[in-house]
Amino acid sequence: MRKDKEIKAAAMLLALLLVNLPFQYSPTKGPQGQSPNYIKPGSFAALYSNIFFCGTGTANMNKDASSMARAKINAPYMLLSYAIPALSYYNGYMQNPEHYGENDIYNRYAQTLGMSEASYIDTQAQYHRGNPRVLIYHTHTTESYANEQGASHSKNHQINVVSIGTIMCKTLYEDYGIESLHLTDVFNDIYTQSYDASLAAINSALERYSSIEYIIDVHRDSISEANEHTKGHFTTMINGMPAARVELVLGLKASYVNENKEFRSKVKSRMESMYPGLWQKDIDKETSQFNQFLRPNSLLIEVGIDLNTPEEAKHSAALMGRVLATVILEQ
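What counts and what doesn't
Residues numbered from 1 in each chain as written. Predicted model: local features only at pLDDT ≥ 70, side-chain atom pairs only at ≥ 80, totals over all residues. Heavy atoms only, no water. Salt bridge = Lys/Arg side-chain N within 4 Å of Asp/Glu carboxyl O. Helix = DSSP H or I, 4+ residues; strand = E, 2+ residues; numbered from the N terminus. Buried < 20%, exposed > 50% of the residue type's maximum accessible area, 1.4 Å probe, protein only. Expected span 1.5 Å × (residues − 1). Contact = heavy atoms within 4.5 Å. Pairing = 2+ DSSP bridges. Axes fitted to C-alpha atoms, helices over the stretch in contact; angles between N-to-C directions. Polar contact = N/O pair within 3.5 Å; in protein donor to acceptor, adjacent residues only side chain to side chain. Parallel < 35°, antiparallel > 145°, perpendicular 65-115°, else oblique. Left-handed = near helix turned anticlockwise from the far one by under 90°. Nonpolar A, V, L, I, M, F, W, Y, C, P; charged D, E, K, R; others polar.

*Asks:* Pulling in residues and values, what's your account of the pattern of salt bridges?
*Replies:* Close approach of charged atoms lets side chains of opposite charge pair. Applying the stated criterion to the full structure yields 9 salt bridges. Measuring nitrogen to oxygen at the nearest pair gives 3.1 Å for the salt bridge that ties Asp189 to Lys155. Taken together, the residues Asp189 in the loop between strand E2 (180–182) and helix H7 (194–208) and Lys155 in the loop between strand E1 (134–137) and helix H6 (161–176) connect sequence positions 34 residues apart. We classify Lys155 as partly exposed; its relative accessible area is 31%. Here Asp282 and Arg264 are joined by a salt bridge, their closest N and O atoms 3.8 Å apart. Of this pair, Asp282 sits in strand E7 (residues 279–285) while Arg264 sits in helix H9 (residues 257–274), placing them 18 residues apart in sequence.

*Asks:* A description of H7 should follow, citing residues and the corresponding values.
*Replies:* Structural remark: α-helix, 3.6 residues per turn; residues separated by three or four positions point the same way. When the terminal C-alpha atoms of H7 are compared, their 22 Å separation across 15 residues agrees well with the 21 Å that a helix rising 1.5 Å per residue should span. Here H7 has its buried residues at Ser194, Ser198, Leu199, Ala201, Ile202, Ala205 and Leu206. For H7, the secondary structure elements touched by its buried residues are E1, E2 and strand E3 (214–221).

*Asks:* Now, about the sheet that holds E7: what can you tell me, with residues and values included?
*Replies:* Whether parallel or antiparallel, the strands of a sheet pair through hydrogen bonds between backbone atoms. Ordered by their spatial adjacency, 6 strands build an open sheet running E2-E1-E3-E8-E6-E7, and the pairing between neighbours is mixed. Each end of this open sheet is capped by a strand with a single partner; those strands are E2 and E7. Across the sheet, the mean angle separating the axes of adjacent strands is 25° when strand polarity is ignored. Where E1 and E3 come together, 4 bridges link them in parallel fashion. Bridge pairing in E3 places Tyr137 opposite Asp217. Packed on one face of the sheet, helix H10 (residues 310–330) meets E1, E3, strand E6 (246–251) and strand E8 (298–305) and runs near 155° to E8.

*Asks:* Go over the pairing of E8, please, and point to the residues and values.
*Replies:* Counting buried positions along E8 gives 8 out of 8 residues, so the element sits mostly inside the fold. Strand direction decides the pairing type here: E6 and E8, joined by 4 bridges, are antiparallel. Bridged to Val246 within E8 is Val303.

*Asks:* Break down H6 for me, citing the residues and quoting the values.
*Replies:* Taking 1.5 Å per residue, 16 residues should reach 22 Å; H6 reaches 22 Å between its end C-alpha atoms and fits that length. Within H6, burial applies to Val161, Val162, Ser163, Ile164, Gly165, Thr166, Ile167, Met168, Cys169, Thr171 and Leu172. Buried residues along H6 sit against E1, E2, E3, E8 and H10. Near the N-terminus of H6, the side chain that reaches the backbone nitrogen of Val162, with its oxygen 2.9 Å away, is that of Asn160.

*Asks:* Please provide a residue-by-residue account of the environment of Ala325, values included.
*Replies:* Note that Ala325 resides in helix H10. Sequence separation between Ala325 and Tyr173 is 152 residues, and the spatial gap between their C-alpha atoms is 8.9 Å. Setting aside its immediate chain neighbours within four residues, Ala325 contacts Leu172, Tyr176 and Ile178.

*Asks:* So what's going on with the side chain of Lys231? Residues and values would help.
*Replies:* Residue position: Lys231 is located in helix H8 (residues 228–233). Not counting residues within four places of it along the chain, the set of residues in contact with Lys231 comprises Ile305, Leu307, Asn308 and Glu312.

*Asks:* So what about the packing of H9 against H10? Which residues, and what values?
*Replies:* Running from N to C, H9 and H10 point in directions that differ by 125°, and their axes come no closer than 9 Å. Considered as vectors, H9 and H10 are oriented oblique to each other. Relative to H10, H9 is oriented so that their crossing is right-handed. Of the residues in H10, those touching H9 at Phe263, Lys266, Val267, Arg270, Met271 and Met274 are Met320, Arg322, Val323, Leu324, Thr326, Val327 and Glu330. For the contact of H9 with H10, a count of residues per class yields 8 nonpolar, 1 polar and 4 charged.

*Asks:* Give a detailed account of the packing of H6 against H10, specifying residues and quantitative values.
*Replies:* Running from amino to carboxyl end, H6 crosses H10 at an angle of 45°, the nearest separation of the two axes being 8 Å. Of the possible angle classes, the one that applies to H6 and H10 is oblique. Both H6 and H10 take part in a crossing whose hand is right-handed. Residue-level inspection shows Ser163, Ile164, Ile167, Met168, Thr171, Leu172 and Tyr176 of H6 in contact with H10, the latter providing Ala313, Lys314, Ala317, Ala318, Met320, Gly321, Arg322, Leu324, Ala325, Thr326 and Leu329. For the contact of H6 with H10, the per-class residue count stands at 12 nonpolar, 4 polar and 2 charged.

Structure, rendered in structure tokens:
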């Protein structure tokens, strides 16, 4: 009888471990959309202090008398949440469901399995303090790069164009101090309505942030002739690493077409001087607007094609962040 109980207890512990495996890092986000407050193993003192005085990070509680009182009441539940990570995930989801996309479980697995900081990208991070000058978004959000699954579209932000926009924003902000707003919503669930969906989100962002001066729509191009020769045409070597080549696209029907042409000319010139070979070509669409009529300095950027790898595209993203930054600072 005792042996049966021990077996059942061991089975329950194993089941609990398996259930909680994807949730081993806290999913909560800090104040003002900062990066997730991941709790490092072993930092128990900091963990308990953070829970007791400040909640889990989602509440952004101040250390005043009322919040201290609430913290004392909630402390047992918060400690239990961290003891059972799945409960912490549920708690965070109930308070901030908009932060939990379809790729969230993948992201949690990626971190649990020890993916390096170089390969894992926090695509939910924002790189501004309330006055973004640059807006980066993705009308065709699920456009992705060559991977083991073989699909050209994915909602996994680690391999689609959202990771490219994240790197651009991070480079602009951390290396040059240029505040950037990144829209990571999926706009192409209904493909024919993609530009209408992204337009609504852009207008909402412009209403909230009058500081926005530059609007960049980041895509990934595709090619019908899928072979190594074609892939080589869209790949170059920069600083000893392969990089996806970049196309600069304008809709000539847009209201600010002259201003946009001037902006593109500056971006192209800077690409050629800083990273020869990165620029692939300019593309003009006579009958299109591409949402480039809302502000001058609007541009659609195609980073590589579906044959490029995520690593090649991410290398180009960092390079393009530097190119855009130097153009913006000169303007």
